[in-house]
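A look at the structure
Below, each chain spelled out in residue letters.
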Amino acid sequence: MFKRLRADIAAAKRNDPAARNKFEIWLTYSGVHALSWHRFANRLYRMHLKLLARMVSQLAKFLTGIEIHPAAKIEGGVFIDHGMGVVIGETAEVKSGVVIYQGVTLGGTGKEKGKRHPTIEKDVVISSGAKVLGGFTVGEGAKIGAGAVVLKEVPPHATVVGVPGRVVRIKGEKPDLQQEKLDPNAEEIRALKCRVHKLEAALEELTGKKFECSKEELYPVPADEFAAEKAAEPANAEGVQRFDNAESGEPEPAGEPPRAKAE
């Protein structure tokens, strides 16, 4: 336990430029405190004192703002910087050299059983607000960008950014990956169009009617543009005909009252 504590303090000294000495780190760094509480809770959990272990983890959460399930496997030499809002799930595994910033979640994607939290290999950096969700592995030396949502396995030495997370660099070079050529929104729209066409075909087969959209339905005109177009249109053909009849002295069409002549 003390060996891991020394490794945690050394990791903080190595990764935080603001750290002045190891004694200060031991006294003031909430990430180091949370990991020390977790070592104790994890030992209780392995002794089958699970309720007591959960109570210890909740006390650590109250004191540090970092929630780590007692069953999570965390090696020595992990650095949790600041740490407020960090959540590490039950089946998560974190190897040595990992750096975790505030707001990070190592969680699951549902209520499935078994291995449902990620395995973080050595020397991974997970930036502020990132969410790593699922029972996959984040490869050694990978970097997860701030705010990224990672839902699938990350290769070693890759850089992942975005929602959902995409690999944009591997060892500093841009990879030629198929994922970058796909637009998830376009794929979703394509799937919806396919489904609509199939539903229309089935409906036409049942009713014997063909369903088509008019141009106005496909491309609706905004209300202000529609009003402007109507104002710019000339008088209708019937109004023009009546005006011509009044000027030429011809009788008005039958069935309509005579119009008063302008003085």
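The text that follows walks through the structure, step by step, so that each part is easy to find. (Residues numbered from 1 in each chain as written. Predicted model: local features only at pLDDT ≥ 70, side-chain atom pairs only at ≥ 80, totals over all residues. Heavy atoms only, no water.)

A few words now on the overall build of the chain. For the chain, the helix and strand inventory stands at eight helices and 15 strands. Pairs at least 24 residues apart make up 30% of the contacts formed inside the chain by residues separated by at least 6 positions. Only carbon and sulfur atoms are counted for the fraction: they give 58% of the accessible area of the chain, which is about 17400 Å². (Helix = DSSP H or I, 4+ residues; strand = E, 2+ residues; numbered from the N terminus. Contact = heavy atoms within 4.5 Å. Areas by Shrake-Rupley, 256 points an atom, 1.4 Å probe, with all protein chains shown as cover.)

On to the pattern of salt bridges, then. With the rule as written, the count across this model stands at six salt bridges. With its nearest N and O atoms 3.4 Å apart, the salt bridge here joins glutamate 67 to lysine 61. The class for glutamate 67 is partly exposed, based on a relative accessible area of 26%. Residue classification places lysine 61 among the partly exposed positions, given a relative accessible area of 34%. Linking arginine 116 and glutamate 90 is a salt bridge whose minimum nitrogen-to-oxygen distance equals 2.6 Å. Taken together, the residues span a long stretch of sequence, with arginine 116 in the loop between β7 (105–107) and β8 (119–120) and glutamate 90 in the loop between β4 (87–88) and β5 (93–94) at a distance of 26 residues. (Salt bridge = Lys/Arg side-chain N within 4 Å of Asp/Glu carboxyl O. Buried < 20%, exposed > 50% of the residue type's maximum accessible area, 1.4 Å probe, protein only.)

What follows concerns the pairing of strand β14 (residues 158–161). Where burial is concerned, the two faces of β14 differ: the one with Ala158 and Val160 is buried and the one with Thr159 and Val161 is not. Examined bridge by bridge, strand β12 (residues 143–144) and β14 share two bridges and lie parallel to one another. From the neighbouring strand, isoleucine 144 faces β14, where its bridge partner is valine 160. Note: β14 against strand β15 (residues 166–170), four bridges, orientation antiparallel. Across the sheet, residue alanine 158 finds its bridge partner in β15, namely isoleucine 170. (Pairing = 2+ DSSP bridges.)

Before going further, it helps to spend a moment on a nonpolar patch on the surface. A surface patch of nonpolar side chains, amounting to about 520 Å² of accessible area, comprises Trp37, Phe40, Leu59, Phe62 and Leu63. Looking at the nonpolar patch, the elements with two or more residues in it are α3 (30–46) and α4 (50–64). When residues of the nonpolar patch are assigned to their parent elements, the largest contribution, three residues, is made by α4. By the secondary structure assignment, leucine 63 is in helix α4. (Patch = residues over 30% accessible without salt bridge, like charges linked within 9 Å, V, L, I, M, F, W, Y side chains within 5 Å.)

Here four strands make up an open sheet; going across it, the order is β2-β5-β8-β11 and the pairing parallel. Each of the sheet's edge strands pairs with one partner strand only, and the pair in question is β2 (73–74) and β11 (137–138).

Moving on, we come to the side chain of histidine 69. Residue placement: histidine 69 occurs in the loop between β1 (67–68) and β2. Polar contacts involving the side chain of histidine 69 include one to the side chain of arginine 54, which spans 3.5 Å. Among residues more than four places away in sequence, those in contact with histidine 69 are His38, Tyr45, Arg54, Ile88, Gly89 and Glu90. (Polar contact = N/O pair within 3.5 Å; in protein donor to acceptor, adjacent residues only side chain to side chain.)

This part is about unusual backbone geometry. Looking along the chain, the bond that leaves valine 163 and enters proline 164 is cis, with omega of -5 degrees. Within the secondary structure, proline 164 is located in the loop between β14 and β15. You will see that histidine 82, though not glycine, has its phi angle at about 60 degrees, which is positive. Of note, histidine 82 is situated in the loop between β3 (79–80) and β4. Positive phi, normally seen in glycine, also occurs at histidine 157, with a value near 60 degrees. Checked against the element boundaries, histidine 157 lands in the loop between β13 (149–150) and β14.

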